[in-house]
Amino acid sequence: MDTGRMMRRYFAILSISALMASGARAFDFPNPLSVFGGGEKEPQKSDRPAQAAPGAAIDCPEILVDTGAATLRVPPGADNSSVRYQLSLSHLARECSVSGDQILIKVGVEGAAVLGPAGQPGSFSGTLKIAARRQKDESILASKSYHVTASVPAGAARGEFRVISEPLSVPYLGAQAADDYEILVGFEGGAADRAAPAQKRRKRQARTPTEASPD
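The residue count restarts for each chain, going from 1 along the sequence in the order it is written. Totals for whole chains, interfaces and linings use all residues, but because this is a predicted model, local features are given only for residues with pLDDT of at least 70 and pairs of side-chain atoms are given and counted only at 80 or more. Hydrogens are left out, water is left out, and the side-chain values use all remaining heavy atoms of the structure.

Enquirer: Looking at this model, I keep getting lost on the overall build of the protein chain. Mind explaining?
Expert: A run of H or I in DSSP counts as a helix once it spans at least four residues, and a run of E counts as a strand once it spans at least two, with each numbered from the N terminus. In terms of helices and strands, the protein chain carries three helices and nine strands. Walking the protein chain from its N terminus toward its C terminus, one meets helices and strands in the order α-α-β-β-β-β-β-β-β-β-β-α. With an accessible surface of roughly 13100 Å², the protein chain has 52% of that area assigned to carbon and sulfur atoms. For every accessible area listed, the method is Shrake-Rupley and the probe measures 1.4 Å; residues are considered covered only by the protein chains on display.

Structure (structure tokens):
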């Protein structure tokens, strides 16, 4: 090895030693996988509850009503001339809020009892079921049943009822809750009871169920 090359190597070693002795940070080379698009995979959406920021906005899930659960005819299966009354849904609304790692869903339902050919004025009732279903596997996460009653006075053919549900609680997975869950509403024996695929009846903007009034 010639003298000049030996001297350059010697001074290079001295320079590196001096740098390390001074406590200076060595330069961090980037991960070549990250530079070329490899390395860690993008995080996938988890089913674990997440903490939402206080006052975070949320896209409330849609309300679905199965065509077979939108009405309740009494007696069941009767021909038109034998129907005493029929309960039906008319207006639906929902409101969502976040509490810690949970979404709280309140649902407002308005409906009516209509007298049939065999009916007489009086008080008529049925069981309404409201449920929250996870879209991923169509499992019911929360549900509540309500006894609804509508009175039809003498001289009338129709009476109305209104229900404002207690909150249904589901895990908060993100602000786009409409992509994770759906709300099922129907008279007992319908879609909300058997968790069958439901037909989309209507979609409403999130608002307080107490404001659920005819459009």
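Enquirer: Got a minute to help me understand the pattern of salt bridges in this structure?
Expert: Opposite charge on two side chains allows them to pair when their charged atoms are near. Throughout this description, the term salt bridge denotes a Lys or Arg side-chain nitrogen within 4 Å of a carboxyl oxygen of Asp or Glu. A complete count under the given rule lists four salt bridges for this structure. Here Asp137 ties to Arg134 by a salt bridge, and the two come within 2.8 Å at their closest N and O atoms. Partly exposed describes any residue whose relative accessible area lies between the buried limit of under 20% and the exposed limit of over 50%, with all areas from a 1.4 Å probe on protein chains only and scaled to the type maximum. In this structure Asp137 comes out as partly exposed when scored by relative accessible area, which is 43%. Across the pair Glu166 and Lys144 runs a salt bridge whose closest N-O atoms are separated by 3.5 Å. Of the two residues, Glu166 sits in the loop between β7 (158-164) and β8 (168-171) while Lys144 sits in strand β6 (residues 139-152), which places them 22 residues apart along the sequence. According to the relative accessible area criterion, Glu166 is partly exposed, its value standing at 47%.

Enquirer: Quick question: what am I supposed to make of the nonpolar core here?
Expert: As a rule of thumb, nonpolar side chains are buried together in soluble globular proteins. Ranked by internal contacts, the top residues of the largest apolar core, which has 37 residues, are Ile103 and Val185. Only β3 (85-99), β4 (102-115), β5 (122-134), β6, β7, β8 and β9 (181-187) provide two or more residues apiece to this core. Counting residues per element, this core draws most heavily on β4, at six residues. Here a residue-residue contact requires only that any non-hydrogen atoms of the pair lie within 4.5 Å. The contact partners of Ile103, leaving out residues within four places of it in the chain, are Ile58, Cys96, Ser97, Leu168, Ser169, Val170, Pro171, Tyr172, Ala177 and Tyr181. Only buried residues count toward a nonpolar core, which is a set of Ala, Val, Leu, Ile, Met, Phe, Trp, Tyr and Cys residues joined through side-chain atoms within 4.5 Å.

Enquirer: How should the packing of aromatic side chains be read in this particular structure?
Expert: Geometrically, a pair of aromatic rings is defined through the distance of the ring centres and the angle of the planes. Stacked, tilted and edge-to-face are the three classes applied to pairs of Phe, Tyr and Trp rings, where Trp contributes its six-membered ring and a pair requires centres within 6.5 Å; stacked means planes under 30 degrees apart, edge-to-face means over 60, and tilted covers the rest. Within this structure, the stated rule accounts for two aromatic pairs. Seen in terms of ring centroids, Tyr85 and Phe124 are 4.5 Å apart; in terms of plane orientation they differ by 35°. Their pairing is tilted. Of the two residues, Tyr85 sits in strand β3 while Phe124 sits in strand β5, which places them 39 residues apart along the sequence. In this structure Tyr85 comes out as buried when scored by relative accessible area, which is 7%. Taking the relative accessible area as the measure of exposure, Phe124 reaches 5% and is therefore buried. Ring centres 6.4 Å apart and planes at 70° place the aromatic pair Phe161 and Phe187 in the edge-to-face group. Pair noted here: Phe161 is in strand β7 and Phe187 is in strand β9, with a separation of 26 residues, a long-range link. For Phe161, a relative accessible area of 5% corresponds to the buried category.

Enquirer: Would you mind showing me how to read the state of the cysteines here?
Expert: By definition, a disulfide is the covalent link that joins the sulfur atoms of two cysteine residues. Criterion for a disulfide: a pair of cysteine sulfur atoms within 2.5 Å. Considering all chains together, one arrives at one disulfide under this definition. Residue Cys60 pairs covalently with Cys96 via a disulfide, S to S 1.9 Å. Negative torsions about the S-S bond denote left-handed disulfides, and the value of about 70° found for Cys60 with Cys96 makes this one right-handed. Separated by 36 residues along the polypeptide, Cys60 in the loop between α2 (32-35) and β1 (63-64) and Cys96 in strand β3 bring together distant segments of the chain. Each member of the pair, Cys60 as well as Cys96, carries the same accessibility label: buried.

Enquirer: Explanation requested: unusual backbone geometry in the structure shown.
Expert: Omega for the peptide link from Val74 to Pro75 comes to -5°, which places this bond in the cis form. Here Pro75 is to be found in the loop between β2 (71-74) and β3. Phi is positive for Glu138, which is not a glycine, with a value near 60°. Along the polypeptide, Glu138 turns up in the loop between β5 and β6.

Enquirer: When you look at the side chain of Arg133 in this model, what are you seeing that I'm missing?
Expert: One can find Arg133 in strand β5. Identification of polar contacts relies on pairs of N or O atoms within 3.5 Å, with a donor-acceptor requirement for protein atoms, meaning one able to donate a hydrogen and the other able to accept it, and with residues adjacent in sequence counted only if both atoms are side-chain atoms. A polar atom in the side chain of Arg133 sits 2.7 Å from the side chain of Glu182.

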